[in-house]
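The primary structure of each chain is shown beneath.
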Amino acid sequence: QVQLVESGGGLVQAGGSLRLSCAASGRTLRSYAMGWFRQAPGKEREFVAAITWSVGNTRSADSVKGRFTISRDNAKNTVYLQMNSLKPEDTAVYYCAALRGLPNFWHRLTSVDYWGQGTQVTVSS
C-alpha cells in the first residue's frame with residue numbers, strides 16, 4: 001500500500017510560479033516511479049511528468065517541457081513539481097501518482113497503481 005498526499009496548489013497569475021509537493025509513504029514505495037497527472041474541467045486526465053527514486057530518471061509531457069521540473073527528495077520521500085511560466089491552460093487538478101512499468105508507458109493511466117487526492121491549480125489571465 002502506498003499513500004500520497006499533495007500540497008502546494010493555489011491561484012496564480014499567468015507567468016507566475018507554483019511548487020507542488022507530494023509526500024509519499026508505504027513499504028513498497030521504492031518499487032514505483034512517481035509522477036504527476038492533471039485533469040482540467042471537461043477533459044481527460046493527462047500525464048505531466050514522472051521520476052524514479054533511484055537515479056532520478058525523468059519524463060515529461062511536451063506541453064510542459066522547459067516550464068515544469070519534477071524532482072524528488074529521497075530522504076523525505078517527497079516528490080516536487082516546480083511549475084514556472086504558468087499559463088491559463090495549465091489550470092487543472094493536479095494528482096500525484098505511483099507508477100509501475102517502463103518509462104515509455106508512464107503516460108498511460110493504466111500504469112498508475114495509486115493516486116493522491118489532488119490539488120487545484122488555477123492560473124488567471
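The residue numbers shown here count from 1 along each chain, following its written sequence. It should be noted that, the model being predicted, local features are given only for residues of pLDDT at least 70 and side-chain atom pairs only at 80 or more, the latter also being counted only at that level, while totals for whole chains, interfaces and linings use all residues. Hydrogens are left out, water is left out, and the side-chain values use all remaining heavy atoms of the structure.

Participant: Talk me through the side chain of threonine 78; I want residue IDs and the actual numbers.
Facilitator: Tracing the sequence through the fold places threonine 78 in strand β8 (residues 78-83). Relative accessibility under 20% of the residue-type maximum defines a buried residue, over 50% an exposed one, and the middle range a partly exposed one, all with a 1.4 Å probe and only protein chains included. What makes threonine 78 buried here is its relative accessible area of 9%. Between N or O atoms, a polar contact is any pair within 3.5 Å; within protein, one atom must be a potential hydrogen donor and the other a potential acceptor, and residues adjacent in sequence are included only when both atoms are from side chains. Side-chain polar atoms of threonine 78 contact the backbone oxygen of lysine 76, separated by 2.9 Å. Residues are treated as being in contact if the distance between any of their heavy atoms lies within 4.5 Å. Filtering out sequence-adjacent residues up to four positions away, threonine 78 remains in contact with Ser21, Cys22, Ala23, Trp53, Ser71, Arg72 and Asp73. Secondary structure elements are defined from DSSP: runs of H or I of at least 4 residues count as helices, runs of E of at least 2 residues count as strands, and each element is numbered from the N terminus.

Participant: Tell me what's going on with the nonpolar core, and back it up with residues and numbers.
Facilitator: Membership of the largest hydrophobic core comes to 39 residues, with the highest contact counts inside it found for Leu4, Met34, Trp36, Leu81, Met83 and Tyr94. The element best represented in this core is strand β9 (residues 92-99), accounting for 6 residues. We define a nonpolar core as any set of buried Ala, Val, Leu, Ile, Met, Phe, Trp, Tyr and Cys residues linked to one another through side-chain atoms lying within 4.5 Å.

Participant: Account for the state of the cysteines, naming residues and giving values.
Facilitator: The disulfide criterion used throughout: a pair of cysteine sulfur atoms within 2.5 Å. Evaluation of the coordinates by the stated rule reveals 1 disulfide. What pairs with cysteine 22 in a disulfide is cysteine 96, and their sulfur atoms sit 2.0 Å apart. With the S-S bond torsion at -80°, the cross-link from cysteine 22 to cysteine 96 turns out left-handed. Taken together, the residues cysteine 22 in strand β3 (residues 18-25) and cysteine 96 in strand β9 connect sequence positions 74 residues apart. Taking relative accessible area as the criterion, cysteine 96 reaches 0% and is therefore assigned buried.

Such coordinate-based values are descriptive only and should not be taken to indicate function.
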